[in-house]
Amino acid sequence: MSATAAAVHSLWTTRALADTAATPAIPTPHIEYAQLSPVLIVFGAAVLGVLIEAFAPRAARYAGQLAVSVVGLAAAFAALVALAADGYAQGRSHVAAMGAVAVDGPALFLQGTIVLIALVATFTFAERRLDPVAHGNRVDSFAAQGSAVPGGEQEQKAVRAGFTTTEVFPLLLFAVAGMMIFPAADDLLTLFVSLEVFSLPLYLLCALARRRRLMSQEASVKYFLLGAFSSAILLFGIALLYGYAGTVSYGGIADVVDGTAKLTPALANTTGNDALLLIGGAMVVMGLLFKVAAVPFHMWTPDVYQGAPTPVTGFMAAAVKVAAFGALLRLLYVVLPGMRWDWRPVMWGVAIVTMVVGAIIAVTQTDVKRLLAYSSIAHAGFLLTGVIAVSPSGVSSVLFYLVAYSFVTLGGFAVVTLVRDAGGEATHLSKWAGLGRRSPLLAAVFAVFLLSFAGIPLTAGFSGKFAVFKAAAQGGAVPLVVVGVISSAIAAFFYIRVIVMMFFQEPQPQGPTVAIPSPLTSTAIALGVAVTLVLGVAPQYFLDLAGKAGVFVR
Amino acid sequence: MNAYAPILVLGGLGAGFAIFSVVMASLTGPKRYNRAKLDAYECGIEPTPQPAGGGRFPIKYYLTAMLFIVFDIEIVFLYPWAVTFDALGLFGLVEMLLFVLTVFVAYAYVWRRGGLEWD
Amino acid sequence: MNPANYLYLSALLFTIGAAGVLIRRNAIIVFMCVELMLNACNLAFVTFSRLHGNLDGQIIAFFTMVVAAAEVVVGLAIIVTFFRSRHSASVDDADLMKL
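A quick note: this is a predicted structure, and the numbers were derived from the prediction, not measured. (Residues numbered from 1 in each chain as written. Chains lettered and ligands numbered in written order. Predicted model: local features only at pLDDT ≥ 70, side-chain atom pairs only at ≥ 80, totals over all residues. Heavy atoms only, no water.)

Participant: Can you help me understand the overall build of chain B in this one?
Facilitator: A tally of helices and strands in chain B yields 5 helices and 0 strands. Going residue by residue from the N terminus, the α and β elements of chain B occur as α-α-α-α-α. For chain B, the residues scored as buried account for 18% of the 119 residues in total. Accessible area of chain B: about 9400 Å², with a carbon and sulfur share of 72%. (Helix = DSSP H or I, 4+ residues; strand = E, 2+ residues; numbered from the N terminus. Buried < 20%, exposed > 50% of the residue type's maximum accessible area, 1.4 Å probe, protein only. Areas by Shrake-Rupley, 256 points an atom, 1.4 Å probe, with all protein chains shown as cover.)

Shown next as structure tokens:
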């Protein structure tokens, strides 16, 4: 028997010792709680939320949940700022929790973005002035009782009693905590677990709409089945990468890819199979591309975005994209930079198809939520052009674009919640005709968001697009930039068509009404407008911030 | 590029064969359907989605079974810790207490919201 | 026995699961196929763990099992609500949003 085989067996057999009480000492793991505090605070708030659901009387839950969520998210943001101020974003960035979580510039930047998105999303989740008062109770966008059959006796009872699903707040917080770990994950196991931690609450949130419940449940089933399928593919990719490198840590795999790893003889014989690396890497990237809704994996997006409750759609569209692009960047820039000649052509193709398909299919849409869904697909394509640059400016431009895109998206979906008729939200575009005559302020705000999506100068969308296209062009991807500009022009056509429709068409006689929101939704929309204009007119400060945050730890 | 040519040719041949088979089968094959032929194969039993007894769905059992599975599986993490308990010392104990506490929060939620009641 | 055979088995199981997801129409069975895929991943992890002689893969298999259990609970809850409101678990009936 060779020496290596003996070493293998010694893992699970031990020599019988005379002194059986002596257990071999295991080096105690070390957890840097302070550096993980933002995530831990959000998790803690979520657990507290579950306790509120369990023990607080029903009447007190809404206020309690709202307070816990807002305070928890604000505290997490403060902790993130403190970490960044301590220099963890640049000089002191390192890998915490035994190599599981990276604390570096991109991680802190994206976590901060996600927490702010979640804070705004909490406001839209908590909005209770839009639906008419039902049986003396103010209600939000979520089902009275998620488990009751739509239209059944139990549901009517729950509606009469004024029930609301306040569980949405802890679910949101769990999803946020998962999303915060996702772009910071520094080994593949953490990547997979955090993916599930943020996906599972989202599947549930999708099913909880108050109106059009069948559609909402259908969206949830579709999202769940396809999401589970894609995460299984991602997991098999992880298994193959583990087989390739003998480790799941990002740095370890990157070392094996580069050929600089110091391997024990036992590992040297079994690692380095390139077939495993290529197939495994492709499958992991596939799983991530599903989450960002890039084109061959985008089929779920329109249906899920349309069926889910609109506040959830806004949150999902913004935060999932931020988290998943963060993870994609880290994977491609930290684990697989040694393979960029293999993945860049593939990403070229994916980016081109995503931009073109997203823009062209959006032109034919008649539902405003589906329209925004296809626009989010097109934006995934623009973001991918920044990823392809493989340069520091590629990282920082993607970070900047994510901020610009996510707040505009949140604001856009918040506007959609306000335009209502008897059946709830009036999402069909024909009903939006003439909205500018009836409610000029709302139409103007929505026009600002659409112009930003289109990338018209002086909006955040333009600064973001300019940054990613510049990075891509510097990285040698000029044809990609040309395709990007052309599909931006196609996309601009349908955004402007909606604006023309709102301002220059006669309102329908039985058109929708615009609900007067509480300060919660107004804040979300106002923030969206503010971010659009500030990042559009004076982007330099934020570009510098993203530039400073653009270095990964390894 | 030349290195990829055989793959492209193979892909083309494969796609051509697939299209040819499907088209020819639909043009030339006889079509005699019966109920058994259209049924999905389900290991010899009647395929779901219509369960026996008029489409009723045993919802109570489903809930109990699900709760059992999720709490049962959580315990898997206790085993490695139990084996190395004394080697990990206080750190392991505290971490495990945090873990068990979190599981208990979920349990408290299930209990308070009536998930454990059979009727 | 050559450990690589377990890898072939795991790839085979994964493929069967993936084919099932794409072919079957019943949401529960689609979901079972996803679970089959996850378990195929577990087999691959454990085999690679044996090949490399480190324990990472076995630990990951634990995590996968727990995640799979959580996914079962969430997934079945969603599918059961869907079934109760439509009396069908066929994914072909989920067509409210077709254009």
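Now that the structure is up, let's keep going.
Participant: Honestly, the environment of leucine 195 of chain A in this entry has me stumped. Any pointers?
Facilitator: Residue and element names in this part refer to chain A. Following the sequence through the fold, leucine 195 ends up in helix H7 (residues 188–206). Residues leucine 195 and proline 183 lie 12 residues apart in sequence; the distance between their C-alpha atoms is 9.7 Å. Excluding its chain neighbours within four sequence positions, the residues that come into contact with leucine 195 are Phe182, Ser231, Leu234 and Lys291. (Contact = heavy atoms within 4.5 Å.)

Participant: Help me out: how do you make sense of the packing of aromatic side chains in this one?
Facilitator: The geometry of an aromatic ring pair is captured by two quantities: the separation of the ring centres and the angle between the planes. Taken as a whole and assessed by the stated rule, the structure comprises 28 aromatic pairs over all chains. When the centroid spacing of 4.9 Å and the interplanar angle of 10° are considered together, the rings of tyrosine 223 of chain A and tryptophan 300 of chain A count as stacked. Of this pair, tyrosine 223 of chain A sits in helix H8 (residues 213–245) while tryptophan 300 of chain A sits in helix H12 (residues 300–307), and the two are 77 residues apart along the sequence. Assessed through its relative accessible area of 1%, tyrosine 223 of chain A is described here as buried. One aromatic cluster in this structure is built from Tyr203, Tyr223, Phe224, Phe290, Trp300, Tyr305 and Phe413 of chain A together with Phe31 of chain C. (Phe/Tyr/Trp six-rings, centres within 6.5 Å; stacked < 30°, edge-to-face > 60°.)

Participant: When you look at helix H3 (residues 56–86) of chain C in this model, what are you seeing that I'm missing?
Facilitator: One full turn of an α-helix is made of 3.6 residues, so residues set three or four places apart face in the same direction. Along its 31 residues, H3 of chain C runs 44 Å from first to last C-alpha, staying within 8% of the 45 Å computed at 1.5 Å per residue. One or two residues past the end of H3 of chain C sits histidine 87 of chain C, with phi positive at roughly 55°. (Expected span 1.5 Å × (residues − 1).)

Participant: Looking at this structure, I do not really get the interface of chain C and chain A. What am I missing?
Facilitator: Accessible area lost upon the coming together of the parts serves often as the stated size of an interface. Taken together, the contacts link 46 residues of chain C with 50 residues of chain A. Summed over both sides, the interface between chain C and chain A buries roughly 4200 Å², with carbon and sulfur atoms accounting for 78% of that surface. Looking only at chain C, the three residues that lose the most surface to chain A are His52, Ile78 and Met97 of chain C, adding up to 19% of its buried area. Taken together, chain C and chain A are joined by 1 salt bridge. (Buried area = accessible area lost by both parts, 1.4 Å probe. Salt bridge = Lys/Arg side-chain N within 4 Å of Asp/Glu carboxyl O.)

Participant: Sorry, what's going on with the confidence of the model for chain B here?
Facilitator: In regions of low pLDDT, the predicted coordinates are not meant to be interpreted in detail. Residue and element names in this part refer to chain B. Per-residue confidence for chain B averages 81 on the pLDDT scale, and 80% of its residues sit at or above 70. Ranking the helices and strands of chain B by mean pLDDT puts helix H1 (residues 5–28) first, with 91, and helix H2 (residues 35–38) last, with 72. Here the predicted complex carries an ipTM of 0.95, next to a pTM of 0.88. (pLDDT = per-residue confidence, 0-100.)

Participant: Whenever I open this one, the UniProt feature "transmembrane region" (unreviewed entry) in chain B confuses me. Can you help?
Facilitator: As annotated by UniProt and renumbered to match this structure, "transmembrane region" (unreviewed entry) occupies residues 6–27, 61–82 and 88–110 of chain B. Within residues 6–27 of chain B, the helical portion is 100% and the strand portion 0%, while the C-alpha atoms at the span's ends are 31 Å from each other. (UniProt positions renumbered as here; feature names shortened; annotations may be inferred.)

Participant: Explain the packing of H8 of chain A against helix H11 (residues 274–292) of chain A to me, please; I cannot follow it from the model alone.
Facilitator: Helix packing for two helices is described by the angle between their axes and how far apart those axes are. Residue and element names in this part refer to chain A. The N-to-C vectors of H8 and H11 enclose an angle of 155°; their axes lie 7 Å apart at closest approach. Regarding the angle of H8 to H11, the classification is roughly antiparallel. H8 and H11 meet at a crossing whose hand is left-handed. Looking at the contact of H8 with H11 residue by residue, the classes come out as 17 nonpolar, 7 polar and 2 charged. (Axes fitted to C-alpha atoms, helices over the stretch in contact; angles between N-to-C directions. Parallel < 35°, antiparallel > 145°, perpendicular 65-115°, else oblique. Left-handed = near helix turned anticlockwise from the far one by under 90°. Nonpolar A, V, L, I, M, F, W, Y, C, P; charged D, E, K, R; others polar.)

Participant: Could you clarify how one ought to interpret unusual backbone geometry in this entry?
Facilitator: Glycine aside, negative phi is the norm for most residues, and most peptide bonds take the trans geometry. Residues and elements named next belong to chain A. We note that alanine 293 has phi near 65°; this positive angle belongs to a residue other than glycine. Structurally, alanine 293 can be placed in the loop between H11 and H12. Here valine 390, not a glycine, exhibits a phi torsion of approximately 45°, which is positive. You can see valine 390 is positioned in the loop between helix H15 (368–388) and helix H16 (392–418).

Participant: Please explain the sheet that holds strand S3 (residues 419–421) of chain A as it appears in this structure.
Facilitator: Whether parallel or antiparallel, the strands of a sheet pair through hydrogen bonds between backbone atoms. Residue and element names in this part refer to chain A. Strand order across the open sheet formed by 3 strands is S4-S3-S5, with antiparallel pairing between neighbours. Edge positions in the open sheet fall to strand S4 (424–425) and strand S5 (513–514), since each of these has one partner strand only. As paired elements, S3 and S5 share 2 bridges and run antiparallel to each other. Bridge assignment links arginine 420 to a residue of S5, and that residue is threonine 513. Each of S3, S4 and S5 touches H16; the most contacted strand, S3, lies at about 25° to it. (Pairing = 2+ DSSP bridges.)

Participant: Would you mind showing me how to read the nonpolar core here?
Facilitator: A general tendency of soluble globular proteins is for nonpolar side chains to be buried together. Phe125, Leu202 and Phe315 of chain A are the most contacted members of the largest nonpolar core, which totals 229 residues. The element contributing the most residues to this core is helix H13 (residues 310–335) of chain A, with 19 residues. With residues near it in sequence (within four places) discarded, phenylalanine 125 of chain A still touches Asp140, Phe142, Val168, Phe169, Leu172, Leu205, Pro311, Val312 and Phe315 of chain A. Residues Ile73, Val76 and Phe77 of chain B together with Val66 of chain C belong to the second largest nonpolar core, which totals 5 residues. (Core = buried A, V, L, I, M, F, W, Y, C linked by side-chain atoms within 4.5 Å.)

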